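Working through the structure, step by step
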Amino acid sequence: MNKAFFLDRDGVLILDKHYLSDPGQVELFPGTAGALRRMRGCGYKIIAVSNQSGIARGYFSFEDLKRVQERIDEVLRREGAQIDAWYYCPHYPGGKIPVYSVACSCRKPAPGLILQAAQEYEIDLASSVMIGDNLSDLQAGKAAGCGTLILLRTKNPPPDISSCPEAMEADTLSDAVDLVPGIRR
């Protein structure tokens, strides 16, 4: 079985640009590539799991989403890092696009994206960690049986995580990696 870091996209890997659809606006947080290289060096799969309700809301298309993902992949490759897989939830109840305006099992805080990735990549969830910047990320990780870690750098005020008392807290992705047992600097 494999172990994995499940990472939210906006606010964890890249600056949150609020419904990002322009690949030219992709900005990695400083230290992201280094943190990903350390994860990989310790034998972890790296899987992005991201709610992208902008699709259901009609703000951008799957093609726009793919172009942003390709840009992130390109920037990471230049820095010697990579994401193994990308999982997205396009749903949002009350969205403009009827086919995506539904309740689902993949929109965080539901664990569907994590569970799908775990099945497809033979991941031991108990040996894995979900890192996010919202309570819904922690709830999804907890529901899937992962360890959870929240990044507090982008939220003011920080989210109330009292419902996830086992969650670890860090300011940056690099700091988060330092908190996981077995990760070397």
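Cut-off values and rules
Residues numbered from 1 in each chain as written. Predicted model: local features only at pLDDT ≥ 70, side-chain atom pairs only at ≥ 80, totals over all residues. Heavy atoms only, no water. Helix = DSSP H or I, 4+ residues; strand = E, 2+ residues; numbered from the N terminus. Rg over C-alpha atoms; globule rule 2.2 N^0.38 Å. Buried < 20%, exposed > 50% of the residue type's maximum accessible area, 1.4 Å probe, protein only. Contact = heavy atoms within 4.5 Å. Areas by Shrake-Rupley, 256 points an atom, 1.4 Å probe, with all protein chains shown as cover. Lys, Arg positive; Asp, Glu negative; His and termini not counted. Charge placed at Lys NZ, Arg CZ, Asp CG, Glu CD. Core = buried A, V, L, I, M, F, W, Y, C linked by side-chain atoms within 4.5 Å. Pairing = 2+ DSSP bridges. Axes fitted to C-alpha atoms, helices over the stretch in contact; angles between N-to-C directions. 1 Å grid on protein atoms, 1.4 Å probe; cavity = no way out; pocket = protein on both sides within 12 Å on 5 of 7 lines; lining within 4 Å. Points joined across faces, edges and corners; volume = space filled by probe spheres on them. Nonpolar A, V, L, I, M, F, W, Y, C, P; charged D, E, K, R; others polar.

Each helix and strand counted, the chain has 5 helices and 6 strands in total. Sequence-ordered secondary structure for the chain, helices as α and strands as β, is β-α-β-α-β-α-β-α-β-β-α. A compact globule built from 185 residues would reach a C-alpha radius of gyration of about 16 Å, and the chain, at 15 Å, matches this within 12%. Projected onto its principal axes, the C-alpha positions of the chain cover 45 × 35 × 35 Å. A buried classification covers 49% of the 185 residues belonging to the chain. Sequence-distant contacts in the chain: of pairs separated by 6 or more residues, those separated by 24 or more amount to 64%. Only carbon and sulfur atoms are counted for the fraction: they give 48% of the accessible area of the chain, which is about 8500 Å². Considering the chain, the positive charge centre built from 21 side chains and the negative charge centre built from 23 side chains are found 3 Å apart.

Core analysis: the largest hydrophobic core is formed by 36 residues, its most contacted members being Leu7, Leu13, Leu36, Met39, Ile131 and Leu173. Among the elements that take part in this core, helix α2 (residues 62–78) stands out by supplying 5 residues, more than any other. Once residues lying within four places of it in the same chain are set aside, the contact partners of leucine 13 are Leu7, Asp8, Glu27, Leu28, Phe29, Thr32, Leu36, Ala48, Ile83, Trp86 and Leu173. Counting 18 residues, the second largest nonpolar core, distinct from the first, contains Ala4, Ala85, Ile123 and Met130.

Strand order in the open sheet formed by 6 strands is β3-β2-β1-β4-β5-β6, with parallel pairing between adjacent strands. The outermost strands of the open sheet, each flanked by one partner alone, are β3 (85–89) and β6 (168–170). Averaged over all adjacent pairs, the angle separating strand axes in this sheet is 20°, with direction ignored. Where strand β5 (residues 147–151) lies against β6, 3 bridges are found, and the strand directions are parallel. Looking across to β6, one finds that leucine 149 is bridged to methionine 168. Across the sheet, helix α1 (residues 32–41) lies against β1 (3–7), β2 (44–51) and β4 (129–132), angled at about 130° from β2, the strand it touches most.

One simple way to see leftover space: roll a probe sized like a water molecule over the atoms. Approximately 380 Å³ is the volume found for the largest pocket. Along the walls of the largest pocket sit 19 residues, with Asp10, Asp16, Asn51, Ser53 and Asn134 positioned nearest its centre. Elements that contribute at least two residues to the lining of the largest pocket include exactly β2 and α4 (135–144). Each residue belonging to the lining of the largest pocket can be placed in one class, and the counts come to 3 nonpolar, 8 polar and 8 charged.

Burial of the side chains of β4 extends over both faces: Val129 and Ile131 are buried on one face and Met130 and Gly132 on the other. Where β1 lies against β4, 3 bridges are found, and the strand directions are parallel. Paired with phenylalanine 5 across the bridge in β4 is valine 129. Judged from the 4 bridges that link them, β4 and β5 form a sheet pairing that is parallel. Bridge pairing in β5 places glycine 132 opposite isoleucine 150.

All quantities given are derived from atomic positions and should not be read as evidence of function.
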